[in-house]
Every structure is written in structure tokens, then in C-alpha cells.
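For reference, the chains in residue letters:
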Amino acid sequence: MGRPASVPQAEALALRLAFEKLPHGLCVFDGDDRLLLVNPRYAHIWGLPAALTRPGTPFADIMQATRGQETEASRGQPKPAPGSTGTRRREWQMEDGRSIEITVTHRADGSCVALHQDVTEQRHAQARIAHLAWHDALTGLPNRSRLRDELEALLGRTARGEVLALLLLDLDRFKPVNDTLGHAAGDALLRQVALRLRGCVRETDIVARIGGDEFAIVQWGATQPAAASTLARRVIEALAAPHVVAGHTVHVGVSVGVAIAPFDGQDPEVLQRHADLALFRAKADGRGTLRFFEPGMDAEARHRHDMEADLRRALERGEFELFYQPQVELRDQQVCGLEALLRWNHPRLGRIAPDAFMTLAEETGLIVPIGRWVLMQACRQACTWPADWRVAVNVSAVQFRQGALLRDVTHALLASGLPPQRLEVEVTEASLLVDPDLALDALGALRSQGVRVAMDDFGSGRSSLRLLRRFSFDRLKLDRSFVNDLGRDGAALALIRTVASMGQSLGISTTAEGVETAAQMAAVMQEGCIVGQGWHFSRPLTASAVQDFVQALHPKNT
Ligand code: C2E
Ligand code: CA
Ligand code: CA
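Rules used in this analysis
Residues numbered from 1 in each chain as written. Chains lettered and ligands numbered in written order. Predicted model: local features only at pLDDT ≥ 70, side-chain atom pairs only at ≥ 80, totals over all residues. Heavy atoms only, no water. Helix = DSSP H or I, 4+ residues; strand = E, 2+ residues; numbered from the N terminus. Rg over C-alpha atoms; globule rule 2.2 N^0.38 Å. Buried < 20%, exposed > 50% of the residue type's maximum accessible area, 1.4 Å probe, protein only. Expected span 1.5 Å × (residues − 1). Donors = N, O, S within 2.8 Å, 3.2 Å for Na, K, Ca; no water. Core = buried A, V, L, I, M, F, W, Y, C linked by side-chain atoms within 4.5 Å. Contact = heavy atoms within 4.5 Å. Near = heavy atom within 4 Å. Polar contact = N/O pair within 3.5 Å; in protein donor to acceptor, adjacent residues only side chain to side chain. Areas by Shrake-Rupley, 256 points an atom, 1.4 Å probe, with all protein chains shown as cover. Nonpolar A, V, L, I, M, F, W, Y, C, P; charged D, E, K, R; others polar. Salt bridge = Lys/Arg side-chain N within 4 Å of Asp/Glu carboxyl O.

(A) Representation of the overall build of the chain within the structure. Across its full length, the chain carries 21 helices and 23 strands. Since a compact globule built from 558 residues should have a radius of gyration of about 24 Å, the 38 Å found for the chain marks it as more spread out than a globular shape. Principal-axis analysis of the C-alpha atoms gives the chain an extent of 125 × 70 × 50 Å. By the burial criterion, 45% of the 558 residues in the chain qualify as buried.

(B) Helix α8 (residues 183-200), seen in detail. Across its 18 residues, α8 extends 26 Å between first and last C-alpha, which sits within 8% of the 26 Å expected from 1.5 Å per residue. Taken as a whole, α8 has its buried residues at Ala185, Gly186, Leu189, Leu190, Val193, Ala194, Leu197 and Cys200.

(C) Seen up close, the coordination of the calcium ion (ligand 3). At this site the calcium ion (ligand 3) is bound by Asp456 (OD), Asp457 (OD), Glu513 (OE) and Glu513 (OE), with donor distances of 2.2 to 2.7 Å. Of note, the calcium ion (ligand 3) draws all its donor residues from one chain, in the sequence arrangement D-D-x55-E. A distance of 4.1 Å spans the gap from the calcium ion (ligand 3) to the calcium ion (ligand 2), which aspartate 456 bridges by coordinating each metal. Of this pair, aspartate 456 sits in strand β19 (residues 452-458) while glutamate 513 sits in the loop between β21 (509-512) and α20 (518-526), and the two are 57 residues apart along the sequence. By the burial criterion, aspartate 456 is buried, and glutamate 513 matches it.

(D) Broad picture of the coordination of the calcium ion (ligand 2). Looking at the metal site, the calcium ion (ligand 2) is ligated by Glu339 (OE), Asn394 (OD1), Glu426 (OE) and Asp456 (OD), spaced 2.1 to 2.3 Å from it. Along the chain, the residues that donate to the calcium ion (ligand 2) are spaced as E-x54-N-x31-E-x29-D.

(E) Local environment of the environment of arginine 16. Inspection of the secondary structure assignment puts arginine 16 in helix α1 (residues 2-21). As for arginine 16 and alanine 238, which are separated by 222 residues in sequence, their C-alpha atoms are 69 Å apart.

(F) Main features of the nonpolar core. Membership of the largest hydrophobic core comes to 76 residues, with the highest contact counts inside it found for Val391, Leu423, Leu432 and Leu443. Examining the composition of this core, we find that nine residues originate from one element, helix α13 (residues 367-382), more than from any other. For leucine 423, the residues in contact, after removing those within four places along its chain, are Leu375, Cys379, Val391, Val393, Val409, Leu413, Leu418, Val451 and Arg452. Formed by 33 residues, the second largest nonpolar core is a distinct cluster that contains Leu167, Cys200, Val252 and Val254.

(G) Looking closely at the site of ligand 1. Of all residues adjacent to ligand 1, which total 22 residues, the nearest are Gln325, Arg343, Arg480, Glu516 and Trp535. Aspartate 457 places a polar side-chain atom, nitrogen or oxygen, 3.4 Å from an oxygen atom of ligand 1. Burial of ligand 1 by the protein chains amounts to 86% of its free accessible area of 790 Å². Top element by residues in the shell around ligand 1 is strand β15 (residues 334-346). It accounts for four residues. Partitioning the shell around ligand 1 into residue classes produces nine nonpolar, five polar and eight charged.

(H) Quick look at the pattern of salt bridges. Scanning the entire structure with this criterion turns up 37 salt bridges. Notably, a salt bridge pairs aspartate 310 with arginine 313, separated by 3.4 Å at the nearest N-O pair. Taken together, the residues aspartate 310 and arginine 313, both in helix α11 (residues 295-314) and three residues apart, mark about one turn of the helix. With a relative accessible area of 14%, aspartate 310 lands in the buried category. Residues arginine 348 and aspartate 310 are paired through a salt bridge, measuring 3.2 Å at the closest nitrogen-oxygen approach. Pair noted here: arginine 348 is in the loop between β15 and β16 (350-352) and aspartate 310 is in helix α11, with a separation of 38 residues, a long-range link. Of the residues examined, arginine 348 reaches a relative accessible area of 62% and is grouped as exposed. Via salt bridges that share partners, Arg89, Glu91, Glu101 and Arg123 belong to a single interconnected network.

Spatial relationships are all this shows, so hold off on functional conclusions.
Here it is as C-alpha cells:
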């Protein structure tokens with residue numbers, strides 16, 4: 001008989017324990033807002049003296065003793081209608097920094113039960129996460145998402161006549177620092193840059209880091225464009241001063257593009273795109289410069305965009321064509337090879353020379369499939385020529401990446417059946433300097449297959465000699481500018497002589513490019529060049545013109 005009686009007893013014990021040991025504060029108020037019941041944790045959370053925890057204490061008295069305030073968000077919630085039931089979550093911010101969350105359950109008789117919980121830790125963690133989501137961890141500056149939100153909010157004000165400037169900043173020469181001194185040094189540099197930028201702006205301006213070495217400043221409440229111009233100059237000057245990272249003195253600079261709202265755009269996307277176009281122009285016009293957005297830049301970007309779309313389709317539409325320019329043995333005036341030169345037969349714009357689309361092809365990576373087509377086409381064509389004529393093919397730096405060049409050359413040789421010795425690849429010094437190890441490895445592999453390697457535009461850069469020590473080229477092609485300067489400039493003649501004799505002693509054949517006159521031909525021959533190429537011998541020819549030439553030379557061949 002003792003058993004049924006023990007259940008309520010046990011229940012009561014459990015309830016009392018739960019009530020006393022509960023990590024939450026618990027209280028019950030009656031319909032007149034007087035305290036009915038309260039647990040010790042409640043008094044602790046609110047720091048209430050014993051006098052205020054007695055049954056019958058009015059709610060208002062407790063409120064008065066509380067050192068804190070209900071948060072704004074919590075105050076904004078609607079109160080339940082008298083006599084209705086429901087649960088409300090409220091939150092208090094205490095003067096000592098704690099956050100208290102209260103879950104109040106209202107009952108129909110007007111009484112209520114409330115659970116009180118100290119959520120300080122959770123709120124701190126949430127704030128940290130929010131900070132991480134809105135800030136760049138490296139510099140502590142607002143990040144791209146935050147910038148967008150701030151811009152959105154500030155652009156709302158431009159409707160009321162305020163003007164705002166968005167400055168986009170891109171560091172010059174940051175990559176070499178990162179590559180040569182390591183990422184830790186790169187990070188340290190970015191932190192210093194962030195500090196200097198902060199030092200350039202007013203309290204109200206926003207400085208954000210929006211990408212690797214890209215920053216942005218939002219300037220508002222100033223007279224534009226004068227203020228943005230002054231600020232940009234201050235920033236350029238501040239960043240031009242040398243930085244010391246990892247014990248090294250490094251020089252970076254910054255290019256700045258500016259767009260001003262509401263004139264250059266009223267929403268964040270448009271404004272950023274326009275500032276970006278201005279930045280693009282600033283970089284193109286030489287580093288360390290400032291450019292404001294101009295409407296023409298949009299048209300230019302659209303043109304570029306259209307060209308890119310056209311270029312993507314050009315291969316499948318068969319719009320590329322190779323021209324071939326003869327290379328002539330100066331000694332006996334015999335053709336020894338032809339250089340393949342790419343042309344784009346654009347459906348609207350007509351025939352386009354490579355200088356007009358090569359940069360775009362390289363930037364978009366399209367040069368890889370295009371270069372593959374060039375190799376294939378050139379090798380096939382060369383198979384129809386006399387066996388002692390070589391074909392020279394120009395290659396770009398981008399083609400060295402991911403082993404594309406080696407793969408494509410090997411495939412072109414195999415598929416066409418051209419002996420490797422009849423193919424010569426022409427690389428420029430500039431393309432070798434992008435990633436010398438990668439490039440020289442690829443060229444070494446080609447050379448070991450028997451393919452010849454020529455250095456194009458030799459002498460146009462500064463590292464040509466250093467590269468000669470690292471790789472044994474088969475040919476040096478003297479930059480066209482030397483031949484061009486021949487009549488005007490004694491130094492040009494001396495340089496041609498030096499290069500030709502250096503070539504001779506290294507066993508490297510030299511080709512003079514851009515030979516336009518008989519006098520130029522005589523001069524380069526005199527100075528020791530072995531091969532000549534240029535309009536004096538022949539302009540670049542279509543494939544069928546080369547065939548006609550071959551026919552004329554060897555009438556027996558069909
Ligand atoms: P490059 O390799 O230096 O080619 C020689 C350029 O000089 C050609 O211009 C040629 O038409 C031009 N030229 C030849 N003889 C004379 C002359 O006597 N006087 C003058 N003033 N110019 C002469 P093109 O065909 O417009 O090619 C320009 C550049 O485009 C080439 O310079 C080469 O770097 C690049 N290129 C051409 N085809 C290809 C290709 O298939 N792939 C890659 N990656 N680049 C190519
Ligand atoms: Ca060339
Ligand atoms: Ca050249």
C-alpha cells in the first residue's frame with residue numbers, strides 16, 4: 001500500500017530538486033503581477049536581495065531593483081492582449097555586460113511563468129561569428145559583403161541629395177613580394193597597407209578589404225569629385241613610401257579607380273562596376289595613378305566583352321587562318337623556313353592582326369585551344385612543303401601552363417607526321433619571364449624530342465642575356481626595332497654585330513626580323529646575321545600562295 005503514496009512523494013521531491021538546482025531562473029507571477037514563486041537561481045541572475053524574492057512582491061519593485069535594460073529588439077515585440085495565452089521571448093542587457101533571455105508563458109488567468117537564462121556566452125559567440133562574417137580576418141577591416149551592405153545603406157541617402165565616392169584600390173607589384181618573400185611577408189604587408197589606409201581617411205569613411213590585394217574606400221559627406229581626388233592622391237602617396245616586411249624593404253604602389261554616386265551609379269553593383277572600369281584604366285595607364293569613371297569606359301568594356309564572345313566562337317566557326325612569312329638564308333637567298341602568323345577573319349570587322357586580339361586571347365586562356373589549332377595547322381601545312389623548309393610557330397606564356405604546350409606539340413607532330421626537326425617554336429623573353437622554371441622545363445622537353453626553340457624579339461627586354469645562360473636556344477631573332485633603327489642609329493648596328501657574333505660563338509643562328517630594304521639586308525648580312533625575314537623578301541603569304549610558290553620552284557611536284 002506504500003507504493004501508490006510514494007509516487008507523488010517522489011514526484012514532489014524531483015520537482016523541488018529541479019526547481020532548486022535548475023540552471024535557469026524560474027518565477028511565477030499571479031494575475032495581479034505579484035510574485036508567487038521563485039527559485040534561488042532567479043534571485044542570483046537578477047542580483048535580487050532576499051526581501052524582493054518573497055511571495056507577494058510586486059513585479060514593479062523587482063523591476064526597479066534591476067540593473068539593466070530590455071534590448072531594443074525585445075521591446076519592439078507586441079504584448080499579448082489581456083486574457084490571452086502565449087509565449088514571449090524577451091531579452092535584457094545588464095549593466096555588467098551580461099545578456100539575460102526570458103521565456104514568459106502567459107496564462108489565461110493573467111498569471112505567468114517565466115524561465116530566465118544567462119545567454120552572455122552565446123551572445124558573445126554570435127557576435128564573434130558576425131564579426132568574422134563581416135570582417136577580413138587578416139586586417140580586421142570590413143570585408144566585401146560588409147562593404148556592399150554599407151554601400152546599400154549609404155546610397156539610400158544619395159536620394160536625399162548626398163554625394164558619395166567609391167574608391168577601388170589595387171596594389172601594384174604585390175604579387176612579386178608574396179612570391180619571393182612568402183605568404184607571411186605578404187600578409188604582414190597587407191596589414192601595414194590597411195593601417196596606412198586607415199591613416200588616410202576620416203573617421204566616417206569606410207575602408208574595406210575586398211580581395212587579395214584589393215581594397216575599397218567609401219567617402220561620403222564631402223564635396224565631390226574634389227574630395228575623392230585629394231583622398232586618392234593621399235593614398236597613392238602613403239603607399240608609395242617603402243614598407244619593411246620580414247627584414248626586407250619593399251616598394252609597392254597602388255592604382256585607384258573612382259566612381260561617384262549618384263552620377264556614376266545609384267546601386268552598389270553599378271557603382272562598383274564603374275569604379276572597377278576606372279581602376280582597370282588606371283592600371284593600364286601606368287601604375288600609381290588615379291582615374292575617374294567616364295561613360296566611354298562602359299562602351300569600351302562592352303566592346304571587349306563582345307570581342308571576347310566572338311573570340312570564343314571563332315575557332316568552331318573556322319575564322320582563324322595562318323599566313324606564312326618566308327625566312328631566307330642570307331648567304332644564298334634560299335628559303336629555309338616560314339613563320340606561321342595568325343589572322344582572325346572576323347565576320348564583321350574583317351581580317352584582324354594578332355596584336356589586336358592576342359592579349360584578350362591570353363587573358364581569357366583562349367590562346368590554349370587557339371595555339372593548339374595553330375600548331376596542328378602549321379604542322380599539316382609544312383608537310384606539303386619541301387623537306388628542307390622548317391615551320392616556325394609562335395607560342396604564348398599561357399601555353400606553358402599545365403603542360404599544354406608539350407602535349408599539343410607532341411600531338412600535332414604525331415597527327416601530321418612532320419619530323420620534329422622541322423618544327424621551330426618561337427618564344428619571347430617576356431613570355432619566359434612569367435614563370436621561367438615552368439617555361440624552360442617545357443622547352444627542354446620539346447628540345448629533347450628534336451623540336452627547335454627560337455628566342456623571339458631578342459634584345460627587346462632586359463633579361464635576354466641571363467636567359468641565354470639558362471637555356472640553349474637554337475635561334476635568336478633580333479628584334480625588329482634594331483633593323484628599323486639601322487640607318488638612324490649607330491648603336492643599332494653595333495648591337496646587331498654584337499648579337500650576331502655572340503650567336504656565332506655560342507653556335508646559335510641569328511635571324512634579322514623586319515628587313516624591309518635591300519640596304520638593310522646588306523647591313524645585317526655584313527654584321528653576321530645568318531637568316532633574314534621581312535617585307536624585302538616577302539610579306540606574309542596565304543597557305544595557297546605558298547603552294548603556288550612551291551609549284552613554281554619545283555614544277556615537277558604536284
Ligand atoms: P612576331 O613574332 O615578332 O612576328 C613578326 C611580325 O612582324 C608579324 O606581325 C609580321 O607580319 C611583321 N613583319 C614581318 N616582316 C615585317 C617587316 O618587314 N616590317 C614590318 N614592319 N613588320 C614585319 P603579325 O603577323 O601582325 O604578328 C604580330 C605578333 O603576333 C607576332 O610578332 C607574334 O608575337 C604574335 N603572333 C602571331 N601569330 C601568333 C600565333 O599563332 N600564336 C601566338 N602566340 N602569337 C602569334
Ligand atoms: Ca615570331
Ligand atoms: Ca619577333
